[in-house]
Amino acid sequence: MRIHVQLGFLLRDSVVYGLAGALNRMVKLVLVPIVAKTQTTEVYGVFDSLNVYVYVAAILAILGLNSAVVIVATADGSVPSAESLRPAASRCFRIVLGVGIGLALLICLGASFWSSWLLGSARFTSVVRWAGASVPFSAVLLYSLGMLQWTYRKFWYVTVALLTASTTIALTYAAARLGHGLTGFFVAHLVGQAVGAFLGLYAARQVIRPTRVSTDLRRLLTVGLPFGVIGVAATLVPSIDRLFLVRFHSLTEAGIYGLGQKIASLSVLMLAGFQAAWAPFAFARRSDPQKERLFGTILLVVASAVALLAVLLAIAAPTIARIAATDEFVASTTYVGPLALSVGLTVIFAVVSIGSVMEGRSLHNLTAYVLGLAITLAANLVLAAVSAPAIGIAWANCLGQLSAVAVMAVLAHKAHPIAYPYAKVGIVLIGGVAAVAMIGTHVLQMSPLGRVLAALGAVVVAIAWCWLSALSAGERALILRRLCPWPAK
């Protein structure tokens, strides 16, 4: 089957898988103008940073058991179902709930310490308590969504996610209108997560319910803990920047940076579907004789899409910032380019890691993420030592993600060799870095017409590059014949 036909299959799968994720992420982004338009940049910095920390705590509470359930339950070759998953799922649920409550107590009892250490001031102690109280609900929500995903209950998966987000948005809007500030926002978050947790448990009641059959706890933890560490490391690599922003800059800068990251995350709306579709697509073509050419073409197209989206978001950032927030947040424009590249690199990571995934080498992912986190930390410490401007933190984030991709590429190639066109991908990424660096410096001085022309130019260059570098001459000719079926002379 020709490469462009295979790419068409992948594109259709990406659209189908991406709809639910894109809708959910789009709803969550609605929170940005609700908070940013009614609060100062400092308050938004606290709101954004605490949300990141609470999410990390929820991921930690799960301990990777949402993945361990299906691996342990299907070790005998059985197909995932409510019946086969129930013994492991029920036991893991009790562990997740217990760890979540423990973390919540740890956060709430030490709220003054966490406020001072994470936010640079003890002023936010009560807010930290409300945020910490939501951790068990967030953990249960994420765990129940995992069970719905493994049992193919897509309707309930989407319904629970959207109702959770909608409840949070409605209550956050009410808190903003009534002037309840940060406390009101995190009460809204707590209630929204609680609603989602109970809905998730109801939807997954056939999987998460008491059973007399027990599953070996040691086996569950042995399988789950590496996934838990991977989940925490993968969350920390793009999130550790908040700590350095607060400690070495200010909450105001953290708020401006946070909006820049939200703008950068818009690229996820277009890339999330591909991430969900990629692994099933790759496994289905594991024995395809054209696998290397196909996978190499996909990596090149994805890298080009990542660079293009980063450039387009960097160009549009001033307009988006003014629409989503206030003029105080326009400075977030400088952060959008490198952060958008950082978001895109997680998708490239998913492509290059497929060799290790196929061979079941989960420790490769862990190694890559931990090294990426270490490089991010080291770069931020160096930047702090030389009193570098905050933009350096965004580039350190990008460097950490790029390092994780590079390490993963080496490890995956050893496990399952695939000759990816890394030289061409390198050219694309270098071009993207140069473009977003230049745009971030000059975009505020560009006229609206200049931004439109720059965006159109970037699209034309990306299409031309993919056309010439990703497709063979025969494939280009075939596509042209299908697009322009001129009558034969």
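Here, every reference points to the structure presented above.
Report follows, based on the coordinates. None of the values given here were measured: they were computed from a predicted structure. (Residues numbered from 1 in each chain as written. Predicted model: local features only at pLDDT ≥ 70, side-chain atom pairs only at ≥ 80, totals over all residues. Heavy atoms only, no water.)

Turning our attention to the side chain of T41. Checked against the element boundaries, T41 lands in helix α3 (residues 41-62). Discounting residues that sit within four places of it in the chain, T41 has contacts with L251, T252, G255, I256, E328 and F329. (Helix = DSSP H or I, 4+ residues; strand = E, 2+ residues; numbered from the N terminus. Contact = heavy atoms within 4.5 Å.)

Our focus in this paragraph is helix α9 (residues 154-178). For α9, built from 25 residues, the straight-helix expectation of 36 Å at 1.5 Å per residue is met to within 8% by its first-to-last C-alpha distance of 36 Å. Along α9, the residues classified as buried are V160, A161, T164, A165, T168, I169, T172, A175 and A176. Looking one or two places after α9, you find G179, whose phi comes out positive at around 75 degrees. (Expected span 1.5 Å × (residues − 1). Buried < 20%, exposed > 50% of the residue type's maximum accessible area, 1.4 Å probe, protein only.)

Along the chain, V382 turns up in helix α18 (residues 362-385). For V382, a relative accessible area of 52% corresponds to the exposed category. With 14 residues separating them along the chain, V382 and A396 place their C-alpha atoms 9.9 Å apart.

With that settled, consider unusual backbone geometry. Positive phi, close to 60 degrees, is recorded for L63, a residue that is not glycine. Considering the arrangement of structural elements, one finds L63 in the loop between α3 and α4 (65-73). A relative accessible area of 18% means that L63 is categorised as buried. Although it is not a glycine, S387 sits at a positive phi angle of roughly 55 degrees. Checked against the element boundaries, S387 lands in the loop between α18 and α19 (391-415).

Further remarks concern the side chain of S138. Tracing the backbone shows S138 in helix α8 (residues 135-150). Those residues in contact with S138 that lie beyond four places of it in its chain are A58, H189 and Q193.

The next thing to look at is the pattern of salt bridges. The tally for this structure, following the rule as stated, stands at three salt bridges. Between K262 and D48 there is a salt bridge, with the nearest N and O atoms lying 2.4 Å from each other. You can see K262 sitting in helix α13 (residues 251-264) and its partner D48 sitting in helix α3, a full 214 residues away along the chain. D327 is the salt-bridge partner of R322, the closest N and O atoms lying 3.6 Å from each other. What makes D327 exposed here is its relative accessible area of 59%. (Salt bridge = Lys/Arg side-chain N within 4 Å of Asp/Glu carboxyl O.)

Attention shifts here to the nonpolar core. In this structure, L50, L119, Y143, L182, W278, F295 and I348 are the most contacted members of the largest nonpolar core, which totals 138 residues. If one sorts the elements of this core by residue count, helix α15 (residues 291-324) sits on top with 19 residues. Discounting residues that sit within four places of it in the chain, I348 has contacts with L299, V302, A303, V306, V405 and L429. (Core = buried A, V, L, I, M, F, W, Y, C linked by side-chain atoms within 4.5 Å.)

Below, the discussion takes up the packing of α3 against α8. Put simply, α3 and α8 touch, their axes get as near as 8 Å, and they point 60 degrees apart. With respect to α8, the element α3 is oriented oblique. For the crossing formed where α3 meets α8, the hand is right-handed. Together, V54, Y55, A57, A58, I59, A61 and I62 of α3 and V135, S138, A139, L142 and Y143 of α8 make up the contact between the two elements. Grouping the constituent residues of the contact of α3 with α8 by class yields 11 nonpolar, one polar and no charged. (Axes fitted to C-alpha atoms, helices over the stretch in contact; angles between N-to-C directions. Parallel < 35°, antiparallel > 145°, perpendicular 65-115°, else oblique. Left-handed = near helix turned anticlockwise from the far one by under 90°. Nonpolar A, V, L, I, M, F, W, Y, C, P; charged D, E, K, R; others polar.)

What follows concerns the packing of aromatic side chains. In the structure shown here, the tally under the stated rule is 14 aromatic pairs. Consider the rings of W156 and Y202, whose centres lie 5.8 Å apart with planes at 70 degrees: the pair is edge-to-face. You can see W156 sitting in helix α9 and its partner Y202 sitting in helix α10 (residues 181-203), a full 46 residues away along the chain. Arranged with centres 4.7 Å apart and planes meeting at 25 degrees, the rings of F349 and Y369 form a pair that is stacked. In this pair, F349 sits in helix α16 (residues 333-352) while Y369 sits in helix α18, placing the two residues 20 residues apart along the sequence. (Phe/Tyr/Trp six-rings, centres within 6.5 Å; stacked < 30°, edge-to-face > 60°.)

Here we take up the packing of α9 against α10. Axis separation between α9 and α10 bottoms out at 8 Å; the angle between their running directions is 160 degrees. Relative to α10, the element α9 is oriented roughly antiparallel. The two elements α9 and α10 cross, and the hand of that crossing is right-handed. Taken together, the residues of the contact of α9 with α10 sort by class into 13 nonpolar, 11 polar and no charged.

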